[in-house]
Amino acid sequence: MISEQIKQLDSHYIAQTYGRFDLVLSHGNGCEVWDSEGNKYLDFTSGIGTNSLGWGDTQWVAAVAQQAAKLQHCSNLFYSEPAAQLAEKLAKASGLKRAFFCNSGAEANEGAIKTARKYSADKYGANRSTIITLENSFHGRTLSTLAATGQAVFHQHFSPFTTGFEHLPPNDLAVLTARLADNDVCAVMLEIVQGEGGVNSLTQAYLQGVQALCHRQDVLLIIDEVQTGIGRTGSLFAYQQFNLTPDIVTLAKGLGGGLPIGAFLLGEKCQDTLGKGDHGSTYGGNPVCCAAANVVLDRLDAAFLNEVQQKSAWLRSRLAALPKVKSVSGLGLMIGVEFEAGIDAQQIVAEGIQHGLLMLTAKQKLRLLPPLTISQSALEQGIAILANILISKSF
Ligand SMILES: *Cc1c(COP(=O)(O)O)cnc(C)c1O
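Given the structure is predicted, the values throughout are model-derived calculations rather than measurements.

## A closer look at the overall build of the chain
Counting secondary structure elements, the chain contains twelve helices and 17 strands. At 21 Å, the chain has a C-alpha radius of gyration in line with the 21 Å of a compact globule built from 395 residues. Residue burial in the chain is summarised as follows: out of 395 residues, 53% are buried. If you take every contact in the chain between residues at least 6 apart in sequence, the share linking residues at least 24 apart comes to 72%. Of the roughly 17,600 Å² that the chain leaves accessible, carbon and sulfur atoms contribute 53%. A distance of 3 Å separates the average location of the 30 positive side-chain charges in the chain from that of its 35 negative side-chain charges.

Here it is as structure tokens:
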């Protein structure tokens with residue numbers, strides 16, 4: 001089918017909830033992807049940070065195909081090897097104790113919220129169920145995770161939302177300290193780098209301060225690593241760069257390397273909070289998705305992560321030196337680019353497609369999430385295309 005036919009089917013038969021780029025993708029290899037007409041694009045999006053190992057990684061494809069042929073799904077009424085192995089890897093890598101597997105980031109955060117509320121209710125009784133999140137955060141699209149999301153734009157049309165969420169300003173410890181005085185808060189949930197909110201990092205001082213406050217008052221610290229996790233920021237989990245010991249960590253995007261899997265990891269305090277019957281998900285721990293995630297985790301060793309850091313340093317310095325760039329934010333290969341006034345990031349992305357480079361936006365910024373496996377020559381190629389666009393006369 002050619003692109004025009006596919007777009008027409010989409011417009012007739014798919015709920016029109018997405019503002020899509022004007023591009024139908026057909027197949028990919030490494031950090032390159034082709035459209036239905038055979039045009040090639042360099043990919044700085046990774047399916048929004050999901051294809052950690054790029055497109056069609058041989059080892060990943062083999063593991064997925066083998067697992068699909070062997071046992072594609074068996075439900076959580078039975079034990080299966082891929083999920084058990086994956087949970088062990090995640091526990092050993094994170095220092096947390098147990099994993100619950102689900103299918104998406106929003107679901108992972110829902111599970112974290114349920115765990116925090118039950119932990120508090122078990123120990124302290126009712127009226128200690130408030131969850132603090134940050135302004136400008138993004139935690140998902142279900143009613144509860146939308147309520148957790150600290151952006152007014154998401155709080156239209158769908159009320160009533162789940163109650164018990166409050167949004168405080170990021171990097172403001174005094175406000176959090178004052179709010180926790182009431183003893184009605186069971187958890188603080190935050191992203192180390194706010195992704196959808198514009199690729200903004202929290203400060204080390206703030207994160208340490210939040211953790212100290214949480215520990216003092218037995219408030220659970222939930223880190224939403226749905227976007228920052230699984231090597232994206234140059235360490236397996238972003239919190240590891242800030243010396244944190246969270247009580248719950250949520251994962252999704254990059255975990256399956258392009259298959260839908262989410263997880264929440266439970267630390268010592270709350271590893272047994274959820275008991276039999278308290279939570280579940282039909283597809284949670286699906287063997288094919290877990291086999292895919294096992295390959296991703298096996299590949300992300302210290303040498304791999306070190307390369308991510310080096311690529312990040314190179315890319316960030318080149319981006320900062322481009323014309324019309326005001327600032328570069330983010331961590332690892334999760335990068336935001338702020339332009340000088342008059343440059344519209346959306347327009348840069350559209351121009352990128354014309355010139356064979358796929359990029360994203362976050363708020364007013366350009367957002368880059370290249371595959372973690374991207375080669376140096378592909379990075380150079382991408383920077384050259386972006387430089388050309390920025391230098392061109394159209395701005
Ligand atoms: C993408 C994202 C989510 C939501 O993940 P879904 O898989 O789309 O439900 C939650 N939190 C953060 C930080 C994200 O970036």
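Right, picking up where we left off after that structure.
## Notes on the domain arrangement of the chain
Accessible area lost when the parts come together is the quantity often used to give the size of an interface. The domain architecture assigned to the chain consists of domain 1 (3–56 + 302–392) and domain 2 (71–300). One C-alpha centre belongs to domain 1, the other to domain 2, and the line joining them spans 27 Å. Buried area between domain 1 and domain 2, both sides added, is near 2,300 Å², and the carbon and sulfur share of it is 60%. At the junction of domain 1 with domain 2, the criterion picks out one salt bridge. The salt bridge involving glutamate 196 is made with arginine 367; its shortest N-O contact spans 3.0 Å. Seen at the junction of domain 1 and domain 2, the total is 13 residue pairs in polar contact (both at pLDDT 80 or more). Of all the secondary structure elements, the ones that give two or more residues to the side of domain 1 that touches domain 2 are helix 2 (46–49), helix 10 (302–320), strand 13 (325–331), strand 14 (334–339) and strand 17 (365–368).

## Section: the environment of leucine 176
Here leucine 176 is to be found in helix 7 (residues 173–180). Separated by 42 residues in the primary sequence, leucine 176 and leucine 134 place their C-alpha atoms 10.0 Å from one another. Once you skip the residues sitting within four places of it in the chain, leucine 176 turns out to touch Ile132, Leu168, Val188, Tyr206, Val210 and Leu213.

## Focus: the site of the ligand
Residues in contact with the ligand, as listed here, are Ser104, Gly105, Ala106, Asn109, Phe138, His139, Gly140, Glu191, Asp224, Val226, Gln227 and Lys253. Contact between the ligand and alanine 106: an oxygen atom at 2.8 Å from a main-chain N or O atom of the residue. Between an oxygen atom of the ligand and a side-chain N or O atom of glutamine 227, the distance comes to 2.8 Å. Protein chains bury 81% of the 390 Å² of accessible surface belonging to the ligand in isolation. Broken down by element, the residue count for the shell around the ligand peaks at three residues, all from helix 5 (residues 105–124). Looking at the shell around the ligand, its residues break down into three nonpolar, six polar and three charged.

## Quick notes on the packing of aromatic side chains
Per the counting criterion, the structure on display carries three aromatic pairs. With 5.4 Å between their ring centres and 55° between their planes, phenylalanine 138 and phenylalanine 154 make a pair best called tilted. Linking phenylalanine 138 in the loop between strand 5 (130–134) and helix 6 (143–148) with phenylalanine 154 in the loop between helix 6 and strand 6 (165–168), this pair joins segments that are 16 residues apart in sequence. When sorted by exposure, phenylalanine 138 lands in the same class as phenylalanine 154, which is buried.

## Focus on the pairing of strand 6
Judged from the four bridges that link them, strand 5 and strand 6 form a sheet pairing that is parallel. Across the sheet, the residue bridging to leucine 134 is leucine 168, located in strand 6. Since strand 5 and strand 6 lie parallel, the crossover through helix 6 that links them has a hand, and here it is right-handed.

## Side note on the packing of helix 10 against helix 12 (residues 376–391)
Closest axis-to-axis distance for the helix 10/helix 12 pair is 11 Å, and the angle between their directions is 15°. Taken together, the axes of helix 10 and helix 12 are roughly parallel relative to one another. As for how helix 10 packs across helix 12, the hand of that crossing is right-handed. Contacts from Lys311, Trp314, Leu315, Arg318 and Leu319 of helix 10 reach helix 12 at Gln376, Leu379, Glu380, Ile383 and Leu386. Residues that form the contact of helix 10 with helix 12 fall into these classes: six nonpolar, one polar and three charged.

## Thoughts on unusual backbone geometry
Residues apart from glycine generally show negative phi values, whereas peptide bonds are mostly found in trans. For the bond running from serine 159 to proline 160, omega is 5°, close enough to zero to count as cis. Inspection of the secondary structure assignment puts proline 160 in the loop between helix 6 and strand 6. Although it is not a glycine, asparagine 136 adopts a positive phi angle of roughly 80°. Here asparagine 136 is to be found in the loop between strand 5 and helix 6.

## Brief notes about the UniProt feature "binding site: pyridoxal 5'-phosphate" (unreviewed entry) in the chain
Taking the numbering used here, the UniProt-annotated feature "binding site: pyridoxal 5'-phosphate" (unreviewed entry) corresponds to Gly105, Ala106, Phe138, Asp224, Glu225, Val226, Gln227 and Thr282. A stretch of 178 residues holds the annotated residues, and the largest C-alpha distance among them is 25.2 Å, long enough that they do not meet in one place. Secondary-structure assignment places aspartate 224 in strand 10 (residues 220–224). Leave out the neighbours within four places in its chain, and aspartate 224 touches Asn109, Phe138, His139, Leu190, Glu191 and Thr250. Only 2.9 Å separates the side chain of aspartate 224 from the side chain of asparagine 109, close enough to count as a polar contact. Residue classification places glutamine 227 among the buried residues on the basis of a relative accessible area of 8%. Those residues in contact with glutamine 227 that sit more than four places away from it in its chain are Gly195, Glu196, Arg232, Lys253, Met334, Arg367 and Leu369. Polar contacts involving the side chain of glutamine 227 include one to the side chain of glutamate 196, which spans 3.0 Å.

Conventions we followed
Residues numbered from 1 in each chain as written. Predicted model: local features only at pLDDT ≥ 70, side-chain atom pairs only at ≥ 80, totals over all residues. Heavy atoms only, no water. Helix = DSSP H or I, 4+ residues; strand = E, 2+ residues; numbered from the N terminus. Rg over C-alpha atoms; globule rule 2.2 N^0.38 Å. Buried < 20%, exposed > 50% of the residue type's maximum accessible area, 1.4 Å probe, protein only. Contact = heavy atoms within 4.5 Å. Areas by Shrake-Rupley, 256 points an atom, 1.4 Å probe, with all protein chains shown as cover. Lys, Arg positive; Asp, Glu negative; His and termini not counted. Charge placed at Lys NZ, Arg CZ, Asp CG, Glu CD. Domains from an automatic or database assignment. Buried area = accessible area lost by both parts, 1.4 Å probe. Salt bridge = Lys/Arg side-chain N within 4 Å of Asp/Glu carboxyl O. Polar contact = N/O pair within 3.5 Å; in protein donor to acceptor, adjacent residues only side chain to side chain. Near = heavy atom within 4 Å. Nonpolar A, V, L, I, M, F, W, Y, C, P; charged D, E, K, R; others polar. Phe/Tyr/Trp six-rings, centres within 6.5 Å; stacked < 30°, edge-to-face > 60°. Pairing = 2+ DSSP bridges. Right-handed = clockwise from strand over helix to strand, strands pointing away. Axes fitted to C-alpha atoms, helices over the stretch in contact; angles between N-to-C directions. Parallel < 35°, antiparallel > 145°, perpendicular 65-115°, else oblique. Left-handed = near helix turned anticlockwise from the far one by under 90°. UniProt positions renumbered as here; feature names shortened; annotations may be inferred.

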